[in-house]
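A structural walkthrough
Each chain, letter by letter, is given below.
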Amino acid sequence: MPSINPDLPLLKTTDLTKQLRSRDSGQSLLSLLDLAERVLYGTSKDGRIVNVHFPKKEEWLIEWAVQRLKEEEGDGGVEARLSGRFWTFLLELLRKTDWAVATRCLRKHSFLQLVGMTMEECHKRDWTKRKLWRSGKDEDGDAEMEMEIKDSIATELGPAPKGDVIQRQQNRSGKRVESISGLLGDVAAVVRYLQESTAEATGFGGSAVLVLRGPPELGGQVLGGYLDNIHLGLGDQSEEEELDRAITGIEAMVGVWKSCVYGNADLKKTSAVFSKTCLLPAYKILSSKIVECPYIPSLEKQVTDYIFTPAFLAGACAEVSKAAGDPKPSAAQIAGEALEAELCGLLSPLQGSGRASNAAKGLANLMKIGISKTMQGSTGKLTKVETVGRIFASLLGVPLGVQLHGGTPQEKNVFSEGDANIIYSILTIISQNGLSISDETLRAIVDLAANLPFSRKDDEKSANDVRWPIIELALTLDFDTFIISQSTSLLDRLVFALSASWCIDSTILLRDIESTQFTLGGESTDVRSDEKEGTRVTQAEKSVLRKQQEGLLRIISLLLEGFLKARDLDGFLAFWRDELNVLYARGGEERVFRSIWTHEGLVAMFSNAIERGYFSSKVDKVLASYAGSLSQNANLADIFILDAILRGIRREETEERLKNTGTLTQVFNILAEGIHKNAPFFTPWLGWQALYRVLQIDNSLLYVPASSHVTEGAVNVLEKCSFERSTELGGLLASYQIVFLSLIHKVGPVEAARLAVCKRISVDLEVSPGPSDEYWDGAILSLTPSRFHVALLFTVVKRWLRAVEALEAGGMSSFIEFFMERAAWSLPSTGESELITVRDIWDEMLRSGVLFELPGLRDRIIANITSKCDQYKLFFFDTVARVPLETINSKDKVTIARVILDTDILREELAAHPRVKNEVINKLRAAMARLMDQPVAGQKLHESPDTLLAWFHSLNWGIPELRPAQQCTIAAGEKILKRAMLNKDQPQNIEYLAMLFSIIERNIRVTKGMIPSWQLALLCLRECFNGSTGKVKDGLQVLRIRMLKQADALLGDTKDPRMTAALLPIYGEALFLDTEGNEPQIFEAGKKTAQILNQWLPQWNSASTTLQDYEEQLQDVLTGLVHLRCLSPQTQESVESTTALVIFALTHPFTKLDQRTSIITSFTNMTSRLSLETYLHAISTFLESCFPISPSTPQEYYALLSILLSSAKKPTIPSKSSAITERLSKIYSYLAISLHHCTTQDSFLTLSSCMHTLLRTHPWCISQFNIDETLTAINICTSPGGPSFAIISPTTPDDIYTLLTRLLLTLLLGHRFRLKGRYHLLIATLQSLLRCLYSLAPHRKKLDKPIHPPWLSSPSSTPLSPVSATAFTRILTTLCDPVASTVSRHTSSALLTSRTGLARKEVARYVPYVMMEHVYWQLQPQRVLLQGGNREALAQGVYALFEVMKSEEGTLKRVNAGLDAQGRALFKRMYEDFGRYGVESLR
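All values reported here derive from a predicted model rather than from experimental measurement.

Cut-offs used in this document
Residues numbered from 1 in each chain as written. Predicted model: local features only at pLDDT ≥ 70, side-chain atom pairs only at ≥ 80, totals over all residues. Heavy atoms only, no water. Axes fitted to C-alpha atoms, helices over the stretch in contact; angles between N-to-C directions. Helix = DSSP H or I, 4+ residues; strand = E, 2+ residues; numbered from the N terminus. Parallel < 35°, antiparallel > 145°, perpendicular 65-115°, else oblique. Left-handed = near helix turned anticlockwise from the far one by under 90°. Contact = heavy atoms within 4.5 Å. Expected span 1.5 Å × (residues − 1). Bend = angle between axes of the 7 residues up to and from the residue. Core = buried A, V, L, I, M, F, W, Y, C linked by side-chain atoms within 4.5 Å. Buried < 20%, exposed > 50% of the residue type's maximum accessible area, 1.4 Å probe, protein only. Salt bridge = Lys/Arg side-chain N within 4 Å of Asp/Glu carboxyl O. Phe/Tyr/Trp six-rings, centres within 6.5 Å; stacked < 30°, edge-to-face > 60°. Lys NZ or Arg CZ within 6 Å of the ring centre and 35° of its normal.

**Comments concerning the packing of helix α32 (residues 663-676) against helix α33 (residues 686-697)**
In a pair of packed helices, the angle between the axes and the distance between the axes together describe the arrangement. At a minimum axis distance of 10 Å, the contact between α32 and α33 shows a crossing angle of 150°. As judged from the angle between their axes, α32 and α33 are roughly antiparallel. Read as a crossing pair, α32 and α33 show a hand that is left-handed. Contacts between α32 and α33 involve Leu-664, Val-667, Phe-668, Leu-671, Ala-672 and Ile-675 on the former and, on the latter, Gly-687, Trp-688, Ala-690, Leu-691, Val-694, Leu-695 and Ile-697.

Structure, rendered in structure tokens:
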């Protein structure tokens, strides 16, 4: 408050208080607020000083404000109480007033009643009419009432000073629209301040705040009204910020309720009050969008404590009181009924609320809260299932008015869609928590909510309305619901609902299945499938139908798993067989094969389950049973299930049993006879397929007499060419496989079989030119004549490549030719579906190793591809990139290399799309780089320098997408030049190299901007400069001089950053290639470097000269300049400017990740070449720049410091060695001292990495003082005084802890001999690290002394994981069981043994303090908890402590004596665990 101005007349306090106490009907309470604010802040409305002496005005104003707000009646009082401005003024008063005085005043005037009145009036007000806190007019145009000071006072107002008054005037001049959320936020702010100030003043942060105490009814009114008003404000999208403030106040209002019920022992009464006043508003909040806010758990806790807890207690009491006298009904039943009755009573305010649109969300959250109470332990004899069932029934009975029991389900009283959705949401919560409900309840839900059809009549009509998610969830919760004897009809209803629904879906999908077209561009000449025309369906509808079919298959999977768990796979087979027979009777084969019961997915699921559900003896018995049924009365169901059983036999044990018992032979004979006689159901598909599966299990059956009929029959099938239906095509595919099997084993009419296959393949794989869109989904029933070749090729590649090789030359060539042509015209699948194309099959063949184990087939494929490389170049290049070079003969390699070179040099356009074109080029260059390993393949490039240069020029070196191709081209060029230099004495190689250098030099001289020539020239310098002599050496010198001269001209004249960025790296390597020991050349090189730097650096210093189009190129130039500067020789003066340039480049906003990597690599290479004097100067520079640590220091300084420290070398001269040792030791001290001052995680990680580098790689620079500093730094960093970071990711705590433990572990492994006499520091550090592994308890007191560092105790931090506990365990085991090399530098085995024993003995004196620390914190569950994973990870370390303490007599007793009774009991139990598990684990 400004001081009294003696130059101005002093206002009378009595006048001011009189005006404020005025109850004039013409002045509203809100209009008096202006004067009250002027009195409080000492300023007038226009900012001038109010010259008044008003002692204790804050106390007077608090009493005035609270009294008037509470007592004011009429519209004026309501307007004032609903004004956020008045509540904000009250908050300011409270902050300026002593806490004791303020609370006394608030209690005197019943402040809590004022809050309750405000909540009630807030709910009744029409908030569509809003007002501004400060404006001349409100939205209705009425003049806002303002208080005018009397003329005598107004004339005495003096000029306003600057400073605080001006700031206050600015705050008051802001406009703020009144809203319900804004008012709630302001009221909650006052309440929160009272709670916080009370906790601070009293030191008690509990539930009770005296000024907010009142009867439970008033506390419930306040909390319920607040929640109700928040729900009203949720619809106002324009008040998001105000709404957030209001939501944060929920915790404060929950605190009001807790204050009112604190110490009240009548739980029944308080629960009734909470139910009446707060439950419905809380339910609305739990149903709303803000339910995930972090302030809602406190509200959920109250629902648990005052709704579910009393109900549970009532159930427990009922059990105790009634069970003793009357054993029937049971105690559990009595308890359950009492629980449900009590819960229904408490939930009665929610009567009818289940019809709201968001009721599913609210009731699901209530269920989750009830389950959380259930998981804490059941009451009495009620199981968790019974308890959850009672809660479930209560939630349905009260809000929805739904009763699950007491009637027979009929179609007319099935639950509505809304009720079913709510039930599904609640069941989902139960399932997610691993709980269930009773069979009776679940059965009633399925009956009344799943909407299963009641009969097969009109099943297709009613199947559309089945609620499959409820069925799936019910099966997940309890499969017995469907298979117990009382509900066999329920299983029947489910089965025929599945049949009907699948038939409907598959019928719709099959309408449009043949009209789908796939072309290269994704276009079609047909009508697109996403356009409705006639009976076609949209693509979106197809997607929905396919998802529905996937859902039905999931339900079948759950049914199958349920039968497996019940050990009743026979039951699944029984209803599967019955349903197939019913479908056959109703619609024949077409209906059967269109149903879900013959779907490939179902058959695959059953096949995978057959050996899980049956032992081998049971499989034998079931198979024999179905075989006998087939022999007596064959039907479609039996042979289909027989095939599925055969498909699932995979264990050798089962196969051997079937062979030994003769069951497999019996099945084979029955199938062979049925096929031979052309019996119904055996042909044209199922019999052949089952027969092939039998032969897969036992191919020796090919040699029995009946097999001749089988092979001949299969050959006859191949000779027929008129198959059209999918079942006939399935038989054809199985016949192919039987013939292939006979060809491999050379059984039966081999020659006839070979001829039949060759003839049939030419028909089935006939190719029509043009892109192929055929695909196959792997199911026999989806085969069509246009897709059969895909299925055939897929089958051959998966199983029968050896059979193709057995076809000999003619048949093999036909197959390969057809296959290659199909693959060349086919496109790979998109990966979004399970569809298979011919190109996918071709790629799979190249990926598998089987092809390359068949030399005849392999050579024929490669020869065929090579012979047609000009026709299918894209396909050819893609295949060559996948084939191992070792499998290609020399002749084919030369052909492949020729095609690649011709394609590159002639610049043929292989694809229209740039991305596809670039991918092809990358594949070409990759293949060529691989071929260069073979001298014969690179012969053309090795013989003709013009060809090599043309090949380099054919590549665009400026496209980032072609970076792989550029690297492969350079790699190929390196191989050619190395091969030439390897035989450099041969005349032809000398001439080749000389001519190559001359051609490159000529290209560089006569052209500008030819980057390929520069790349090849640089490659020649790298590979040929060292070791060249004579003519080659002279040519290289001429080339180098030409490169430098031409680069000088280009870099001096060009204004194009692209050219400069490309030339700088080349120029740098050529410039400093031969400067060692040549002082004039070194001086000239440095001069040229400085000249280029001076030319280009202004491009980044002046924003106006930076062109947006060249930002990336300019950054490349900067990267090149850094590389050039780092290559130049460094002096003490230049190393500073080089470092500054590197920092500038790393911190530049345009620098990309790969450029940063290149810059850091250049700096690393530079530091490795620094002289000792220059290195010491650089270290001194970094010492001044990096320390003391500051947030303003760029992070890159520390990254470069880490590089500089890594490159340190210990000189052999003692005088020089002492200088660098002293400097590095000083650096280490700065690092250790600064570690806990880091403000970001990155800086902490970098500094600790620098310390670890010096400890591990440069132990010669570490002094004893550095050891002490390290232990102290780790101790501080793991204590409450440790570093604090603004941003903490989920992995931050583990990363920091692991780095700290790594430092300590390195200390133990490399510097243990220096720890003698420092064990007190080491033990304190270990205790601090151990405390961090304990996570803070959720219900700890806020006033408890902190034990964790800020990076671990922050609200956004996560507890340490077992990874950190394992790192600490490694420290303990290393400490207690030291490695011999760490305790002595002597090599004598006897001396090492004694030293190790002494070290272990010394450790035994100190580790008891670590053990006692561990025991102490385990006995503090109210403060900290040790998670299960951390406890298990720590076990090995604790066992190591026991082992070393046990070896020293009396140590265990001293530990035991130092503990209290609880500690001794825990210590004893831990030692027993060590004796039981620890000794063996340590061995």
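**Side note on helix α27 (residues 569-593)**
Compared with the 36 Å implied by 1.5 Å per residue over 25 residues, the 23 Å span of α27 between its first and last C-alpha is markedly short. Considering bend angle alone, the principal kink of α27 is centred on Gly-587 and spans about 130°.

**Some remarks on the nonpolar core**
Trp-64, Ile-430, Trp-576 and Trp-597 are the most contacted members of the largest nonpolar core, which totals 448 residues. With 10 residues, the top contributor of residues to this core is helix α35 (residues 726-745). In this structure, Trp-64 is in contact with Leu-20, Arg-21, Leu-29, Leu-32, Ala-36, Phe-86 and Phe-89, ignoring residues within four places of it in sequence.

**Digging into the pattern of salt bridges**
Under the counting rule described, the total for this entry stands at 29 salt bridges. The shortest N-O distance in the salt bridge between Glu-417 and Arg-467 comes to 3.3 Å. In this pair, Glu-417 sits in helix α20 (residues 417-432) while Arg-467 sits in the loop between α22 (459-463) and α23 (468-477), placing the two residues 50 residues apart along the sequence. Overall, the relative accessible area of 45% leaves Glu-417 in the partly exposed class. Counted as one network, the salt bridges with shared partners bring together Asp-186, Glu-242 and Arg-245.

**With respect to the environment of Glu-120**
Within the secondary structure, Glu-120 sits in helix α7 (residues 111-124). For Glu-120, a relative accessible area of 40% translates into the label partly exposed. Taking the C-alpha atoms as reference points, Glu-120 and Gly-225, 105 residues apart in sequence, are found 6.3 Å from one another.

**Section: the packing of aromatic side chains**
Aromatic rings considered in pairs are described by the distance between their centres and by the relative angle of their planes. According to the stated counting rule, one finds 31 aromatic pairs in the structure shown. Following the ring pairs from residue to residue traces out a cluster consisting of Phe-479, Phe-563, Phe-572, Phe-575, Trp-576, Trp-597, Phe-606 and Phe-640. For the cation-ring pair, Lys-1033 lies above Phe-1025, with the distance from its terminal atom to the ring centre recorded as 3.9 Å.

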